[in-house]
Amino acid sequence: MNVGLKTQILPAGEAAVAAAARALSKGGLVAFPTETVYGLGADATNPAAIARLYQAKGRPAFNPLIAHVGDLAAARQIARFDAAATALAEAFWPGPLTLVLPKTEGCAVADLATAGLDTVAVRIPAHPVARDILREFGGPVVAPSANISGHVSPTTAAHVQSDLAGRIDLIVDAGAVEVGVESTIVGCLDAPMLLRPGGLPRAEIERVLGRALVQPPADTESESGQPLAPGMLASHYAPRARVRLNAVALEPGEALLAFGLGAISGIDAASHVMNLSERGDLDEAAANLFGHLRALDSKGARTIAVMPIPDEGLGEAINDRLRRAAVGRE
């Protein structure tokens, strides 16, 4: 691992897009914004670049990556679409939806990026900077979250810098992202299956499909088994602090991650308090989630107590990330 590499940081714009495309074409690693979180990009067809990405993140090589492409025609070059996948792509792309699909015969995405599976995860991001980079580069780009593997996902360029400076070539800074949690992942292999809740609520997907999404098998989440899609490891998105969920009372010295204006006993003894959304807005809470977790973690809290979050709309994705952050720390 070439730790000690000089990581360039450029403001979003034509020069940054051109520099990102050049770096990707040379096997470099580039962090750039998507509407969900900042991604760490590498040429999806270059096994050496992908190996370097896994190493920079400390990511298990059995954890597959999402291939980002510029349009549906490019997606069809690497993945086979059935009727359900086509309907979802036409309804929600570009946007925070990833589809796990069978590979095409000539799929150019390296086997290392798909963890040896016969499927590929593919998405068309909506962020204009991401789209400009994909257009300039002209090929698929794998781009997991731009952070140390298992750590809290990055929603600003500063988050990326704190985790990966000296490990990657370039960070393109376009300010804070809009959605704040990763894409929803749906597998379209047999019946459409919700593999990971995310920035596109389940109800919107089911409305287009006209049926309920199937749940993945219970044994798909473990630290040793191979996940079907990115973000499915049982322990993930974790700060250093212990995370305590559904807190209705605070213990002395705990930091509080609040939601809404509901009362909670013991708040006067909190070491620090941050509110995901004082008005109880789940969209705002999702956008603030990873940034607030990082901020509380940086203050040295031993435990972050989290108030209950409604499990509806984007609340499903928020609770999924919080549950994974708490694994092994409860």
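Residues numbered from 1 in each chain as written. Predicted model: local features only at pLDDT ≥ 70, side-chain atom pairs only at ≥ 80, totals over all residues. Heavy atoms only, no water.

Take the packing of aromatic side chains next. Overall, the coordinates contain one aromatic pair when judged by the stated rule. Look at F81 and W93: their rings are 6.0 Å apart centre to centre, the planes differ by 80°, and that puts the pair in the edge-to-face class. One end of the pair, F81, is in the loop between α3 (72-78) and α4 (83-92); the other, W93, is in the loop between α4 and β5 (97-102), and twelve residues separate them in sequence. For the residue pair F81 and W93, the accessibility class agrees, reading buried in each case. Seen from the ring of F81, R76 lies directly overhead, with NZ or CZ sitting 4.9 Å from the centre. (Phe/Tyr/Trp six-rings, centres within 6.5 Å; stacked < 30°, edge-to-face > 60°. Helix = DSSP H or I, 4+ residues; strand = E, 2+ residues; numbered from the N terminus. Buried < 20%, exposed > 50% of the residue type's maximum accessible area, 1.4 Å probe, protein only. Lys NZ or Arg CZ within 6 Å of the ring centre and 35° of its normal.)

The sheet built from four strands is open, its strands ordered β11-β14-β12-β13 with parallel pairing. Only two strands of the sheet have a single partner each, and these edge strands are β11 (242-244) and β13 (273-275). Neighbour-to-neighbour, the strand axes of the sheet open up by a mean angle of 20°, direction not taken into account. In terms of strand pairing, strand β12 (residues 255-258) meets strand β14 (residues 303-306) through three bridges, oriented parallel. When the sheet's bridge partners are listed, L257 is paired in β14 with V306. (Pairing = 2+ DSSP bridges. Axes fitted to C-alpha atoms, helices over the stretch in contact; angles between N-to-C directions.)

For strand β3 (residues 38-43), a buried count of six out of six residues is recorded, marking the element as mostly surrounded by other parts of the structure. Pairing between strand β2 (residues 30-33) and β3: four bridges, direction antiparallel. Looking across to β3, one finds that F32 is bridged to G39. Counting the residues between successive antiparallel strands, the hairpin from β2 to β3 contains four residues. Bridge count between β3 and strand β7 (residues 141-142): two bridges; the pairing is antiparallel. Considered in β7, the bridge of D43 is made with V141.

Across the sheet, which stays open at both edges, the ten strands sit in the order β1-β8-β2-β3-β7-β4-β6-β5-β9-β10 with mixed pairing between neighbours. On the outer flanks of this sheet lie β1 (8-11) and β10 (193-196), each paired with one strand and no other. For β5 and strand β6 (residues 119-123), the ladder comprises four bridges, and the chain directions are antiparallel. Within the sheet, the bridge partner assigned to P102 lies in β6 and is T119. Contacts from helix α2 (residues 47-57) reach β3 and β7, with the element oriented near 150° to β3. On top of the sheet, helix α5 (residues 128-137) reaches β2, β3, β4 (66-68), β7 and β8 (170-173); it is set at about 135° to β2, its chief contact. (Contact = heavy atoms within 4.5 Å.)

For the α-helix, the turn length of 3.6 residues means that residues three or four positions removed from each other point alike. For helix α9 (residues 315-326), with twelve residues, the first-to-last C-alpha span of 16 Å sits near the 16 Å given by 1.5 Å per residue. The element α9 is largely enclosed, with a buried count of eleven among its twelve residues. Looking at α9, one finds that the buried residues are G315, E316, A317, I318, N319, D320, R321, L322, R324, A325 and A326. (Expected span 1.5 Å × (residues − 1).)

Next up on the list: unusual backbone geometry. Of note, the bond from W93 into P94 is cis; its omega dihedral lies within 30 degrees of zero at -5°. Structurally, P94 is set in the loop between α4 and β5. Positive phi, close to 50°, is recorded for N246, a residue that is not glycine. Secondary-structure assignment places N246 in the loop between β11 and β12.

It is worth spelling out the side chain of S145 at this point. With respect to the helices and strands, the residue S145 is situated in the loop between β7 and α6 (157-164). According to the relative accessible area criterion, S145 is buried, its value standing at 14%. At a separation of 2.6 Å, a polar atom in the side chain of S145 contacts the side chain of N147. Setting aside chain neighbours within four positions, we find S145 in contact with V37, Y38, G39, L40, K57, S153 and P154. (Polar contact = N/O pair within 3.5 Å; in protein donor to acceptor, adjacent residues only side chain to side chain.)

All we've got here are geometric facts, nothing functional implied.
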